[in-house]
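Now for the letters of each chain:
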Amino acid sequence: LSKRMREEAPWGGDVPLEIYLNDVLPYSCVTEPIEDWRPFLHAKFAQKAFDEAAGQASTAASIEKAALWLNENVFRELNVTYKAFYPGHHPDQGVFESMSLGYASCTGLSVILVAACRSVGIPARVAGTPSWTTDS
């Protein structure tokens with residue numbers, strides 16, 4: 001499916017191979033369990049993301065438009081909301097665990113968004129701090 005996305009996505013052929021291998025192909029972002037989320041998320045979001053990107057003047061604009069659409073819609077469509085702490089909390093839960101619980105930490109939400117982007121061929125990765133302090 002990932003290889004097909006490289007051919008199918010409007011921007012797929014424009015993503016350099018090194019970036020594709022590092023930021024589209026992997027199934028994990030941090031230390032979350034490796035799950036087979038790609039077929040599910042692709043079926044749910046690919047056509048909508050491609051439709052959002054249609055008519056853009058450049059590859060960068062297409063990717064931006066599709067990524068913004070995903071960011072605005074993926075959590076609602078998967079019925080996952082933010083919750084900082086909860087019983088059994090661990091920040092690196094996978095996509096399906098977050099969907100099952102109905103909530104995720106900020107890291108969990110990041111994992112979902114990265115997975116959704118990757119499922120439609122958009123390069124994505126998690127970037128952030130390893131821990132927030134309570135003093136700020």
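Located above this text is the structure these notes cover.
Rules used throughout
- Residues numbered from 1 in each chain as written.
- Predicted model: local features only at pLDDT ≥ 70, side-chain atom pairs only at ≥ 80, totals over all residues.
- Heavy atoms only, no water.
- Helix = DSSP H or I, 4+ residues; strand = E, 2+ residues; numbered from the N terminus.
- Rg over C-alpha atoms; globule rule 2.2 N^0.38 Å.
- Buried < 20%, exposed > 50% of the residue type's maximum accessible area, 1.4 Å probe, protein only.
- Contact = heavy atoms within 4.5 Å.
- Areas by Shrake-Rupley, 256 points an atom, 1.4 Å probe, with all protein chains shown as cover.
- Axes fitted to C-alpha atoms, helices over the stretch in contact; angles between N-to-C directions.
- Parallel < 35°, antiparallel > 145°, perpendicular 65-115°, else oblique.
- Left-handed = near helix turned anticlockwise from the far one by under 90°.

Asks: Help me out: how do you make sense of the overall build of the protein in this one?
Replies: Counting its secondary structure elements, the protein contains six helices and two strands. Ordered by position in the sequence, the α and β elements of the protein form the string α-α-α-α-β-α-β-α. Against the 2.2 N^0.38 benchmark of 14 Å for 136 residues, the protein shows a C-alpha radius of gyration of 15 Å, consistent with a compact globule. With the C-alpha coordinates aligned to their principal axes, the bounding extent of the protein is approximately 45 × 30 × 25 Å. Looking at the protein residue by residue over its 136 residues, the buried ones come to 40%. Here the analysis covers contacts within the protein between residues at least 6 apart in sequence; of these, 60% occur between residues at least 24 apart. As displayed, the protein offers around 7,600 Å² of accessible surface, 55% of which is attributable to carbon and sulfur atoms.

Asks: So what exactly am I meant to see when it comes to the packing of helix α3 (residues 38-53) against helix α4 (residues 59-78) here?
Replies: The description of two packed helices rests on the angle between their axes and on the distance between the axes. Two elements in contact, α3 and α4, have axes whose closest approach is 9 Å; the angle formed by their N-to-C orientations is 135°. Looking at the two axes, α3 sits oblique to α4. Crossing handedness for the pair α3 and α4: right-handed. Taking contact as the criterion, the partners of Phe40, Leu41, Lys44, Phe45, Lys48, Ala49, Glu52 and Ala53 in α3 are, on α4, Ser62, Lys65, Ala66, Trp69, Leu70, Val74, Glu77 and Leu78.

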